[in-house]
Each structure stands twice: as structure tokens, then as C-alpha cells.
Amino acid sequence: MSPETAKSLETKTRLLEGALRTLTEQGIAKTSARTVAATAGVNQALVFYHFGSVDELLAAACRYGAEKAVARYRERLAEVGTLSELLTVGREIHERERAGGHVALLGQLLAGAPTHPGLGPATAAGLDLWITEIEQALRRVLAATPFGEFTDPAGLARAVAASFVGIELYEGVDEAGAGAALDVLEQLGALVAAVESLGPVAQRAVRHQLRRRTQ
């Protein structure tokens, strides 16, 4: 790799990190080529040189941030063996991401989507990275339960992701209410765990009842 290429990659990374920091700390309304460049410590002309426009930079930063976040938890999610464990990991992720300012960042990305055309698809693509990991975990943990044949892991993964996004945004106006919502999700996990602990005969009875109700 030539020094020029290495320097170019370093500058692009600084701009991506700078865009994420600016969105988190100053909000979408104050995010511009000037403020991002100041945060990144580079000349603002480099925003346009490397990304063409501020919107393209923000879209790239959204994808970049999501890829980094998912990579941090991919191994942890792959170790999940039950729905209860998955929900526990989800709560851990929520707490860590909130402490790191990433919940505020998500709120700014969603707020900016209507006026920054590239942000909507980029935010959706970032959420899809999470949904893919959640779906893989759900397929694995539900396969051995009476619920496996009656659930759509892909749809359920999107429902779980949407729930956590909603809770993260709701937390900004009602922290106690958001905590209660997370508690309820964990209670559902405990109910599934209780069914999993039943013997083969009882589990067959559960499957029979589910088939009757879903036909």
C-alpha cells in the first residue's frame, strides 16, 4: 500500500468518525462540512474530495458506525443459547450503546432522514446488519423449542429490532417506562424458558395446542 493510499484511508476514517461525533454531540441541524471537518481536525474541502457531499459522508458514516457496532457484539450474539440469554445480551448492548452516545446518534439519524435523502437507506442498511445477527440467533435458540415451527425468525428479528429502537428513543422522555418495557421483554424470555424446561410429553401438548390455534 502506498503512503498516499494509507493517508487517504486515514483521512476518510477521521471524517467518518468526525461525522458520527458531530451528529452525536451537536445534532443533525448543526452538522455541516465545516463542523465535521473541525471535529475530525482536517480541512473541510476534504469532505467533498473524499465523499462528494455532506449527505454522502453522513450516509457512509452511518454504515461505518453500524458495521463497527455489530462487529463488537457478533461473537457475543453467536454464543447465545436461549431466548432469555438473547434478551439479556440485548439489554447489555442497549446499556453500553446508550453510555457510548450511540442511542443519541440513532435518534439524530432518524431525525435527519426526511431532509437528508441518503440517511434513510443508510440507517435501514445499518439496522439490517443488526437484524441479520438477531435472526441467526433466533433461528438457533427457537429450533429446539415448541415455538420453532410456529414463528418466522426473519419477521421476529425485525420486530425485536424495532422494539429496541422504539425503547431507545422512548427512553429519552421516559427512562422508567423504557426500563419497564425491557423488563417485560425479559419476562417473555422467562416464559419461553419455562416451556423449554417441560418434559417431552408436555412439550408435545404445547405444540398440539399451538397447531390448533394457528391453523
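Scroll up a little and you will see the structure.
Since the structure is predicted, the reported quantities are computational estimates derived from the model, not experimental observations.

> I tried to follow the overall build of the protein chain on my own but got confused; where do I start?
Of the regular secondary structure elements, the protein chain holds ten helices and zero strands. Starting at the N terminus and walking to the C terminus, you meet the elements of the protein chain as α-α-α-α-α-α-α-α-α-α. The proportion of buried residues among the 215 residues of the protein chain is 38%. Sequence-distant contacts in the protein chain: of pairs separated by 6 or more residues, those separated by 24 or more amount to 65%.

> Looking at this structure, how should I read the nonpolar core?
Soluble globular proteins: nonpolar side chains tend toward being buried together. If you look at the biggest cluster of nonpolar residues, it comprises 25 residues, and the most contacted ones within it are L15, L16, L57 and L58. Contributions of two or more residues to this core are made by α1 (3-26), α2 (33-40), α3 (45-51), α4 (54-78), α6 (102-112) and α7 (119-142). Sorting elements by how many residues they give to this core places α4 first, with eight residues. Among residues more than four places away in sequence, those in contact with L57 are L15, L16, A19, V36, V47 and F51. By size, the runner-up hydrophobic cluster in this structure holds 19 residues, among which are V70, L77, I134 and A161.

> Just checking my understanding: could you explain the pattern of salt bridges for this structure?
Note that side chains of opposite charge can pair when their charged atoms are close. Within this structure, the stated rule accounts for seven salt bridges. With a closest N to O distance of 3.2 Å, R158 and D128 form a salt bridge. Residue R158 is located in helix α8 (residues 153-170), and its partner D128 is located in helix α7; the two are separated by 30 residues in the primary sequence. The class of D128 is partly exposed, set by a relative accessible area of 31%.

> So what exactly am I meant to see when it comes to the packing of aromatic side chains here?
In this description, an aromatic ring pair is defined by two values, namely the gap between the centres and the angle between the planes. The full count for this structure, using the stated rule, is one aromatic pair. Ring geometry for Y73 against W130: centres 5.9 Å apart, planes inclined by 35°, an arrangement best described as tilted. Of this pair, Y73 sits in helix α4 while W130 sits in helix α7, and the two are 57 residues apart along the sequence. Among the residues examined, Y73 registers a relative accessible area of 5% and is labelled buried. The buried category is assigned to W130, whose relative accessible area is 17%. If you follow K12 out to its NZ or CZ, it ends over the ring of F51, 5.7 Å from the centre.

> What is the right way to read the environment of L87 from this model?
Note on placement: L87 falls in helix α5 (residues 83-99). Sequence separation between L87 and L182 is 95 residues; the distance between their C-alpha atoms is 8.6 Å.

> What is the right way to read the packing of α6 against α8 from this model?
Each pair of packed helices gets described by two things: the angle between the helix axes and the distance between those axes. Two numbers describe how α6 lies on α8: the axes approach to 9 Å, and their chain directions differ by 100°. Considering their axes alone, α6 and α8 lie roughly perpendicular with respect to each other. Contact with α6, carried on its side by V103, L106, G107 and L110, involves V165, E168 and L169 of α8 and no other residues of that element. Each residue belonging to the contact of α6 with α8 can be placed in one class, and the counts come to five nonpolar, one polar and one charged.

> Even after reading the chapter, I still don't get α8, so can you show me in this structure?
Quick reminder: α-helices carry 3.6 residues per turn. Residues three or four places apart thus point the same way. For α8, spanning 18 residues, the distance from its first C-alpha to its last is 25 Å, which sits close to the expected 26 Å at 1.5 Å a residue. Taken together, the buried positions of α8 are P153, A157, A161, F164, V165, I167 and E168. The buried residues of α8 occupy one face: seen down the axis, they fall within an arc of 165°.

> Which parts of the structure should I look at to understand the environment of A38?
Considering the arrangement of structural elements, one finds A38 in helix α2. Along the sequence, A38 and A19 sit 19 residues apart, while their C-alpha atoms lie 9.9 Å from each other.

Thresholds, definitions, all that
Residues numbered from 1 in each chain as written. Predicted model: local features only at pLDDT ≥ 70, side-chain atom pairs only at ≥ 80, totals over all residues. Heavy atoms only, no water. Helix = DSSP H or I, 4+ residues; strand = E, 2+ residues; numbered from the N terminus. Buried < 20%, exposed > 50% of the residue type's maximum accessible area, 1.4 Å probe, protein only. Contact = heavy atoms within 4.5 Å. Core = buried A, V, L, I, M, F, W, Y, C linked by side-chain atoms within 4.5 Å. Salt bridge = Lys/Arg side-chain N within 4 Å of Asp/Glu carboxyl O. Phe/Tyr/Trp six-rings, centres within 6.5 Å; stacked < 30°, edge-to-face > 60°. Lys NZ or Arg CZ within 6 Å of the ring centre and 35° of its normal. Axes fitted to C-alpha atoms, helices over the stretch in contact; angles between N-to-C directions. Parallel < 35°, antiparallel > 145°, perpendicular 65-115°, else oblique. Nonpolar A, V, L, I, M, F, W, Y, C, P; charged D, E, K, R; others polar. Expected span 1.5 Å × (residues − 1). Arc of directions from axis to C-beta.

It is worth stressing that arrangement in space is one thing and function is another; only the former is reported here.
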